[in-house]
Amino acid sequence: MTALTLSTSGAATLRADALVVGVAKGPKGPVVAPGAEAVDKAFDGKLASVLETLGAVGGEGEVTKLPAPSGVKAPVILAVGLGTAPAKGDGFDGEALRRAAGSAARALAGTKKGAFALPVESAADAAAIAEGALLGAYAFNAYRNGNGNGKNGKDDKSAPLAEVAILGGKPRDKAYKAVADRAIALAEEINRARDLINTPSNDLTPKSFAAAAQAAGKEHGLTVEVLDEKALAKGGYGGLTGVGQGSANPPRLVKIAYTHAKAKKTVALVGKGITYDSGGISLKPAGHNETMKCDMSGAAAVFASVVTAARLGLQVNVTGWLALAENMPSGTATRPGDVLTMYSGKTVEVLNTDAEGRLVLADAITRASEEKPDAIVDVATLTGAMVVALGDRTFGIMSNDDAFRASLHEIADEVGEQSWPLPLPAELLKGMDSPIADLANVGGRMGGGLAAGLFLQEFVGEGITWAHLDIAGPAFHESAPYGYTHKGGTGSSVRTLVRLAERTAAGDLG
Ligand code: BES
Ligand code: MN
Ligand code: ZN
């Protein structure tokens, strides 16, 4: 794990392998951002024009490396673009700082220590830089031979930046220390979620995922209960059993609970944990399977959020429910046309075995409802329709409570996650009428993401506030890395869920 410190040193005097400075897009070319005054001075006040000569404009994510002049201790200056300079008097946007720090940290992979002299006007700015740097300093090398272990020099550069020092602001201030500690816990847990998502399905099975939850539970004093396939069958969990029965890796339902003695509220988080989604008998065509190890991203986000809440000691109970199964075709698999009796007692005709997420989530939502939490939020890579609607960086928010949906949208905004509120139009539920069962698991093609939400809503306990986050787009990043986002698992929604827990602890919600 990358180490993080808040440094009281000046930018020019701190010993580091590289010194990160900010450059913004000004009306007449690049401008050096606050925090880098001492460095600019060492360039005789010409850093901006040197950068311009090198082709820099200050655009978001742009990275320019140059040798440091005498008077600066670090040998290399890394100028990272912050995007358009804010109007006079305004500070930089938190997410701009987070992304710039992430781009810089990615560019420094393979080096030991990076000093970040980006603009810091508040503890929140320091937090954003810390988060971005720690999330950018990530690599998934578990399956690479010779990487990062010093044995194979040519590949060593993929080891993440080992140390991050953040300069500026008031590093001795209590508020700064608190946000740094929070950023470390949050980023480490997001990176843990990324590791789980990136782990291929031959190694991450429902059983091994449950074991990881048990190990983390021990480490952080959480209550962990695991229902195995026998307990699930006996308990009447028809959704989890039906989805998991085609696989040699049987399903699990994991409860991982953090409690605080003085908590006044309980938030339940339910995660879709399909460790591999082949589609089942309704097999996905080639081209749609390759990344389906990511179909447990919701469960990974829930897991990471519960552990983060524990590490932060939040005054709220956070109960995670991980609905784990592998969706495979086989002689024992559920067939299109089969009817499952769900944990709630409702019957569901499975018309498409590729609409499996809603089946495992439905059972977990019913189970979570039994404990009468103040709110339930489920998180799932649920529908391709959501990716078509919102693209690959934005998750959809649906809810049975307009105010709660608006709060989640606002919280996501605050923490720098892109999201959008969506409706649950009642008429789409009729599309899931079944001629023989209470409900079918699919309806028409139109509004597919919303229909999935409506299906889930049928399993929410009476009177419980509930929201559904469809993270199918942002959970797994396939195109070029940007900011703190790498290829592969992203840890989407963890920041939102943790802030939700914090706000609930503070009594800001409901
Ligand atoms: N896991 C998929 C959804 C998905 C698609 C996640 C793309 C990430 C990226 C889900 O289980 C699924 O297959 N959904 C179907 C539902 C349909 C059969 C109603 C879909 O979206 O095609
Ligand atoms: Mn599917
Ligand atoms: Zn799926």
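Provided above is the structure to which this section pertains.
Residues numbered from 1 in each chain as written. Chains lettered and ligands numbered in written order. Predicted model: local features only at pLDDT ≥ 70, side-chain atom pairs only at ≥ 80, totals over all residues. Heavy atoms only, no water.

A. Spotlight on the overall build of the chain. Within the chain, the secondary structure is distributed over 15 helices and 20 strands. If one aligns the C-alpha atoms of the chain with their principal axes, the spans along those axes are about 80 × 50 × 45 Å. Out of the 510 residues in the chain, the part that is buried amounts to 56%. Intrachain contacts of the chain at a sequence separation of at least 6 include 75% that bridge at least 24 residues. With the model as given, the accessible surface of the chain reaches about 20300 Å², and the carbon-plus-sulfur share is 52%. Distance between charge centroids for the chain: 6 Å, based on 50 positive and 55 negative side chains. (Helix = DSSP H or I, 4+ residues; strand = E, 2+ residues; numbered from the N terminus. Buried < 20%, exposed > 50% of the residue type's maximum accessible area, 1.4 Å probe, protein only. Contact = heavy atoms within 4.5 Å. Areas by Shrake-Rupley, 256 points an atom, 1.4 Å probe, with all protein chains shown as cover. Lys, Arg positive; Asp, Glu negative; His and termini not counted. Charge placed at Lys NZ, Arg CZ, Asp CG, Glu CD.)

B. Structural view of helix α9 (residues 297-312). The terminal C-alpha atoms of α9 lie 22 Å apart, and with 16 residues this matches the ideal 22 Å at 1.5 Å per residue to within 8%. Burial analysis of α9 places 14 of its 16 residues in the buried class, the great majority of the element. Count one or two residues on from α9 and you reach Gly-313, which has phi positive near 60 degrees. (Expected span 1.5 Å × (residues − 1).)

C. Main features of the site of ligand 1. Near ligand 1, the surroundings consist of 15 residues, among which Lys-284, Asp-295, Asp-354, Glu-356 and Gly-384 are the closest. Within the side chain of Asp-354, an N or O atom sits 2.8 Å from an oxygen atom of ligand 1. Its free accessible area being 520 Å², ligand 1 has 76% of it covered by the protein chains. In terms of residue class, the shell around ligand 1 is made up of four nonpolar, four polar and seven charged. (Near = heavy atom within 4 Å. Polar contact = N/O pair within 3.5 Å; in protein donor to acceptor, adjacent residues only side chain to side chain. Nonpolar A, V, L, I, M, F, W, Y, C, P; charged D, E, K, R; others polar.)

D. The arrangement of the sheet that holds strand β13 (residues 347-349) in detail. Pairing in this open sheet of three strands is mixed, and the strands run β12-β13-β17 from one edge to the other. The open sheet is flanked by β12 (339-341) and β17 (439-440), the only strands paired with a single partner. (Pairing = 2+ DSSP bridges.)

E. Representation of the nonpolar core within the structure. Phe-116, Phe-209, Phe-303, Leu-322, Val-377 and Leu-469 are the most contacted members of the largest nonpolar core, which totals 90 residues. In this structure, this core is formed jointly by two domains, domain 1 (3-172) and domain 2 (208-392 + 418-505), each of which donates at least three residues. Once you skip the residues sitting within four places of it in the chain, Phe-303 turns out to touch Arg-192, Leu-196, Phe-209, Ala-212, Ala-213, Ala-216, Ile-256 and Leu-322. Core analysis: the second largest hydrophobic core is formed by 41 residues, Tyr-237, Leu-454, Phe-455 and Leu-456 among them. (Core = buried A, V, L, I, M, F, W, Y, C linked by side-chain atoms within 4.5 Å. Domains from an automatic or database assignment.)

F. The arrangement of the packing of aromatic side chains in detail. Scanning the entire structure with this criterion turns up four aromatic pairs. Summarising the aromatic geometry, the rings of Phe-209 and Phe-303 are spaced 6.1 Å apart at their centres and angled 50 degrees between planes, so their arrangement reads as tilted. Of this pair, Phe-209 sits in helix α6 (residues 206-220) while Phe-303 sits in helix α9, placing them 94 residues apart in sequence. For the residue pair Phe-209 and Phe-303, the accessibility class agrees, reading buried in each case. Over the face of the ring belonging to Phe-459 we find Lys-346, whose NZ or CZ atom lies 5.6 Å from the ring centre. Sitting over the ring of Tyr-482, Arg-393 keeps its end group 3.6 Å from the ring centre. (Phe/Tyr/Trp six-rings, centres within 6.5 Å; stacked < 30°, edge-to-face > 60°. Lys NZ or Arg CZ within 6 Å of the ring centre and 35° of its normal.)

G. The arrangement of the packing of helix α10 (residues 357-370) against helix α14 (residues 448-457) in detail. One way to put it is that α10 packs onto α14 with a least axis distance of 9 Å and a crossing angle of 30 degrees. As far as their axial angle goes, α14 and α10 are roughly parallel. Regarding α10 and α14, the two cross each other, and that crossing is right-handed. Together, Arg-358, Leu-359, Leu-361, Ala-362 and Ile-365 of α10 and Ala-452, Phe-455 and Leu-456 of α14 make up the contact between the two elements. Looking at the contact of α10 with α14 residue by residue, the class counts come to seven nonpolar, no polar and one charged. (Axes fitted to C-alpha atoms, helices over the stretch in contact; angles between N-to-C directions. Parallel < 35°, antiparallel > 145°, perpendicular 65-115°, else oblique. Left-handed = near helix turned anticlockwise from the far one by under 90°.)

H. Summary view of the sheet that holds strand β18 (residues 465-470). Spatially, β8-β9-β11-β10-β14-β18-β15-β16 is the arrangement adopted by the eight strands of the open sheet, whose pairing is mixed. Among the strands making up the open sheet, the edge pair consists of β8 (223-227) and β16 (419-421). Pairwise comparison of adjacent strand axes, ignoring direction, gives a mean angle of 20 degrees for this sheet. Bridge count for strand β10 (residues 266-277) against strand β11 (residues 317-327) is eleven bridges, and the pairing is parallel. Directly across from Ala-268, in β11, lies its bridge partner Thr-319. Its contacts with the sheet place helix α12 (residues 402-415) against β14 (375-380), β15 (395-399), β16 and β18, and it is angled at close to 155 degrees to β15.

I. The arrangement of the packing of helix α5 (residues 174-198) against helix α15 (residues 494-505) in detail. Packing of α5 against α15 brings their axes to within 10 Å, and their N-to-C directions diverge by 135 degrees. Viewed along their axes, α5 and α15 adopt a mutual orientation that is oblique. Helix-helix and strand crossings are classified by hand; for α5 and α15 the assignment is right-handed. Note on element contacts: α15 touches α5 through Val-494, Arg-495, Val-498, Arg-499 and Glu-502, opposite Arg-182, Leu-186 and Ile-190.

J. View of the pairing of β18. Most of β18 is tucked away, with five of its six residues classed as buried. Here six bridges tie β14 to β18, and the two strands are oriented parallel to one another. For Val-379, the partnering residue across the bridge sits in β18 and is Leu-469. Examined bridge by bridge, β15 and β18 share four bridges and lie antiparallel to one another. Within β18, the position partnered with Gly-396 by the bridge is Asp-470.

K. Fine view of the coordination of the manganese ion (ligand 2). Coordination of the manganese ion (ligand 2) by the protein involves Asp-277 (OD), Asp-354 (O), Asp-354 (OD) and Glu-356 (OE), with metal-donor separations of 2.0 to 2.2 Å. Taken together, the six donor atoms coordinating the manganese ion (ligand 2) and their angles of 70 to 169 degrees define a geometry best described as irregular. Binding-site remark: the manganese ion (ligand 2) is held by donors from one chain whose sequence spacing is D-x76-D-x1-E. (Donors = N, O, S within 2.8 Å, 3.2 Å for Na, K, Ca; no water. Tetrahedral: all angles 85-135°; square planar, octahedral: opposite > 155°, others 65-115°.)

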